[in-house]
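Each chain, letter by letter, is given below.
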Amino acid sequence: MTRTAITVRRPAVPTGLVLLTAALAWTWTALRRGDMGSLTTAGALPAFLGTWTVMMAAMMLPATAPVASLYARTAPAHRAPRMIAFTVGYLLVWAAAGLPAYGLAVGASHVATVYPAAGTAVAAAVFAVNGIYQLTALKDFCLAKCRSPIGSLLRYVSYRGPSRHVRAGARHGAFCLGCCWSLMLLLTAFGVMNLWAMVGLAATVTAEKRLPRGRLLARGVGLASLTLAAAVFWVPQLAPNLTGGGMTGMSLGPVPT
């Protein structure tokens, strides 16, 4: 009974630590976005990966902070280190996703510069891929793991070894990547450093994971993306990074004027 009382009195793991990291990442991204125009040039991969990781921390950690905190509370002590290691493992997955993201960003810049007439078709394909994936069973499965992580957390606590907390975060990050990769693909159309696109996508990710009707919202986002796939032929400015319209000042890579 005494042991239980002590456990109950322990302060909750400071979820604010993860949220503070996200806030710092948002601040850095907002301040540096004007310096990112050359990150898709040859030899810029390390700088791109660093920037990408900071961006993913900004966009994804607000929705993940409750899961990291819940994982940390599965132990009676050393909760903050567990939460930090879990978050590191989570971000490592998104950092690895920066490799294909770099290839897509380079390809988008090349299309917009060399084949401007093809930019609209590529944008339509990007919107269509996201729209279709949002309606698939795999999206539902991964989203369910993010929305109700209790079952997965019970499995994670059985991990052993010094890297177990990082492994737990990486496994959750894999489900999160499976849930959200097609949404991040939209940055190819909007601009990888388009701050407003980042804010909108981050809000969408958080809403899908945290709101009671998040699964319904995911389907609505899919239908909206399919609508954009058709509308971009009439309104090319919907994909400024590929068509050279509108918000190119916040996009990554050169876009013809």
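The following refers to the structure shown. (Residues numbered from 1 in each chain as written. Predicted model: local features only at pLDDT ≥ 70, side-chain atom pairs only at ≥ 80, totals over all residues. Heavy atoms only, no water.)

For the rest of this paragraph, the subject is the packing of helix H6 (residues 119–134) against helix H9 (residues 164–185). Between H6 and H9, the shortest axis-to-axis distance is 8 Å and the interhelical angle comes to 160 degrees. One element, H6, and the other, H9, form an angle in the roughly antiparallel class. The chirality of how H6 crosses H9 is left-handed. Residues Val-126, Val-129, Asn-130, Tyr-133 and Gln-134 of H6 pack against Gly-178, Cys-179, Trp-181, Ser-182, Leu-183 and Leu-185 of H9. (Axes fitted to C-alpha atoms, helices over the stretch in contact; angles between N-to-C directions. Helix = DSSP H or I, 4+ residues; strand = E, 2+ residues; numbered from the N terminus. Parallel < 35°, antiparallel > 145°, perpendicular 65-115°, else oblique. Left-handed = near helix turned anticlockwise from the far one by under 90°. Contact = heavy atoms within 4.5 Å.)

So, on to helix H12 (residues 214–231). Spanning 18 residues, H12 covers 25 Å between terminal C-alpha atoms, matching the ideal 26 Å at 1.5 Å per step. By the burial criterion, the buried members of H12 are Gly-214, Ala-218, Val-221, Gly-222, Ser-225 and Ala-229. Mapping the buried residues of H12 onto a view down its axis gives an arc of 105 degrees, with all of them on the same face. Exposed and facing more than 90 degrees away from the buried side of H12 are Leu-216, Leu-223 and Thr-227. The elements touched by buried residues of H12 are H6, helix H7 (137–147), H9 and helix H11 (195–210). (Expected span 1.5 Å × (residues − 1). Buried < 20%, exposed > 50% of the residue type's maximum accessible area, 1.4 Å probe, protein only. Arc of directions from axis to C-beta.)

This part is about the layout of surface pockets. Gaps between atoms show up when a probe of the same size as a water molecule is rolled over them. As a volume, the largest pocket reaches approximately 220 Å³. Along its surface, the largest pocket is lined by 14 residues, and Trp-52, Ala-101, Leu-104, Trp-181 and Met-184 are the ones closest to its centre. Broken down by secondary-structure element, the contributors of at least two residues to the lining of the largest pocket are helix H5 (98–114), H9 and helix H10 (187–190). Looking at the lining of the largest pocket, its residues break down into 13 nonpolar, one polar and no charged. (1 Å grid on protein atoms, 1.4 Å probe; cavity = no way out; pocket = protein on both sides within 12 Å on 5 of 7 lines; lining within 4 Å. Points joined across faces, edges and corners; volume = space filled by probe spheres on them. Nonpolar A, V, L, I, M, F, W, Y, C, P; charged D, E, K, R; others polar.)

Here the structure, examined in full by the defined rule, presents three salt bridges. The partner of Glu-208 in a salt bridge is Lys-139, and the shortest N-O contact between them spans 2.8 Å. In this pair, Glu-208 is assigned in helix H11 and Lys-139 in helix H7, connecting sequence segments 69 residues apart. In this pair, the class of Glu-208 matches that of Lys-139, namely buried. Residue Asp-140 is joined to Arg-215 by a salt bridge in which the shortest nitrogen-to-oxygen separation is 3.8 Å. Here the residue Asp-140 occupies a position in helix H7, and Arg-215 occupies one in helix H12, the gap between them amounting to 75 residues. Of the residues examined, Asp-140 reaches a relative accessible area of 11% and is grouped as buried. Among the charged side chains, a network of salt bridges with common partners joins Asp-140, Arg-215 and Arg-219. (Salt bridge = Lys/Arg side-chain N within 4 Å of Asp/Glu carboxyl O.)

In short, shape yes, function no, at least from these values alone.
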